[in-house]
Amino acid sequence: MPSRRLSALPLAMVLLATACGPNAQPENQAQQTKADKRAASEYLSQPLVTDMYTADPSAHVWDGKIYVYPSHDIDGPTPEDDLGAHFEMRDYHVLSMDKIGGPVTVGPVALDVKDVPWAEKQMWAPDAARKNGTYYLYFPAKDKEGAFRVGVATSKNPMGPFTAQPQPIKGSYSIDPSVFTDDDGASYMYFGGIWGGQLQRNIDGKYDANGSKTDLGQDDKPAIAPRVAKMTGDMLEFTETPRAVQILDEKGKPILGGDHDRRFFEASWMHKYKGKYYFSYSTGDTHYLAYAIGNSPYGPFTYKGRILEPVEGWTTHHSIVEWNGRWWLFYADSQLSGQTRLRNVKVTELRYNPDGTIQTMNPFVAQSAKDGAAR
Ligand code: FUB
């Protein structure tokens, strides 16, 4: 993915910023010294974990405890490019917390790419689900042909270790799986991402290695849509061919490909609030977290606005979960490293307006707010 000018903490500030995670050092401290300076107090929230780099946090509350399923960023050798080749992740670790703001436990390796028979590399943003006492870890990875597929692995423990199914989910493609279970017990997987996520190379559900590198290049046509598919009762397969998730503007027209401030890029998440379905996502190259509301898990969804303004680093990816009667946004930025490929997960409270819209947040604390706090 392209670089933006980054800024981050000097090492001293990083050490001060080790909010609630274990106190070991990040894997690649040398990178921090390259970064520009930004005080920890300028960020809306602090990294949950500082002894490893984490991104793409998918949070769930099970039996009152918070579990976060993140990507595990590593500092690999591949240069940064527009297709995210520099995101070279090879395994997952699960985080857990008894309460938000409390200590964070980092689990051991929950799944390693070497233990997934069909996968070769790039273990990107995962999600998890629970059904009948089994935990399901859903993850995208590139297969031996270089095509992203979505795999599933199971465990009796939310922290893993997970055992992968021998094949990816039939009919799956692209990245960023996110599984939502509705009140009636039916589960749906939302997925997809353009550019490096390859959605534009899977228009008919079949991978075209020579397809476009970015999007369809048709700015006046509906943007490429994320996908949704209902899961089978055993949570291991799709019951149907994935369908397009329609995101409409206020006039009921599809958001167009050229509308980079609002069109879907990656990082699908679904949550339900007061009987409505909230589909949220990243706009990628414009760096927003946006959301749209609908009346069915299949949509259509009407665009409503932004949840989060751009963070430090090229990309963020989020989840939204209710815990203890309040709603929380988990997201990531590059505060610790100043580098897009080495991110850290965070959490902050998410607030609704009385009409059900979400209050837009700024990932940086405004100067006026800081002045007020200092008085
Ligand atoms: O972490 C790798 C990729 O970057 C994810 O799959 C995307 O959502 C973006 O965060």
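That block above? That's the structure.
The present account deals with the structure reproduced in this document. (Residues numbered from 1 in each chain as written. Predicted model: local features only at pLDDT ≥ 70, side-chain atom pairs only at ≥ 80, totals over all residues. Heavy atoms only, no water.)

Looking at the ligand, the residues that line it are Asp56, Met89, Trp124, Ala125, Ile175, Asp176, Glu266, Thr315, His317 and Arg343. Contact between the ligand and Asp176: an oxygen atom at 2.5 Å from a side-chain N or O atom of the residue. Here the ligand loses 100% of its free accessible area of 270 Å² to cover by the protein chains. Counted by class, the shell around the ligand contains 4 nonpolar, 2 polar and 4 charged residues. (Near = heavy atom within 4 Å. Polar contact = N/O pair within 3.5 Å; in protein donor to acceptor, adjacent residues only side chain to side chain. Areas by Shrake-Rupley, 256 points an atom, 1.4 Å probe, with all protein chains shown as cover. Nonpolar A, V, L, I, M, F, W, Y, C, P; charged D, E, K, R; others polar.)

Attention now moves to the pattern of salt bridges. Tallied over the full model, the rule gives 19 salt bridges. Via salt bridges that share partners, Arg38, Glu42 and Glu312 belong to a single interconnected network. (Salt bridge = Lys/Arg side-chain N within 4 Å of Asp/Glu carboxyl O.)

This next bit is on the nonpolar core. Tyr138, Ile169, Met189, Tyr190, Ile247 and Phe279 are the most contacted members of the largest nonpolar core, which totals 39 residues. At the level of elements, strand S7 (134-143), strand S8 (148-155), strand S10 (178-181), strand S11 (187-191), strand S12 (227-230), strand S16 (276-282), strand S17 (289-294) and strand S18 (301-308) are the ones that each hand at least two residues to this core. No other element matches S11, which puts 4 residues into this core. Once you skip the residues sitting within four places of it in the chain, Tyr190 turns out to touch Asp176, Pro177, Ser178, Phe180, Arg227, Val228, Val245, Ser268, Met270, Phe279 and Pro297. Counting residues in each nonpolar core, the second largest holds 26 residues, with Tyr67, Tyr92, Trp118 and Phe148 among its members. (Core = buried A, V, L, I, M, F, W, Y, C linked by side-chain atoms within 4.5 Å. Buried < 20%, exposed > 50% of the residue type's maximum accessible area, 1.4 Å probe, protein only. Helix = DSSP H or I, 4+ residues; strand = E, 2+ residues; numbered from the N terminus. Contact = heavy atoms within 4.5 Å.)

Take it as geometry only, folks, not as evidence of what the structure does.
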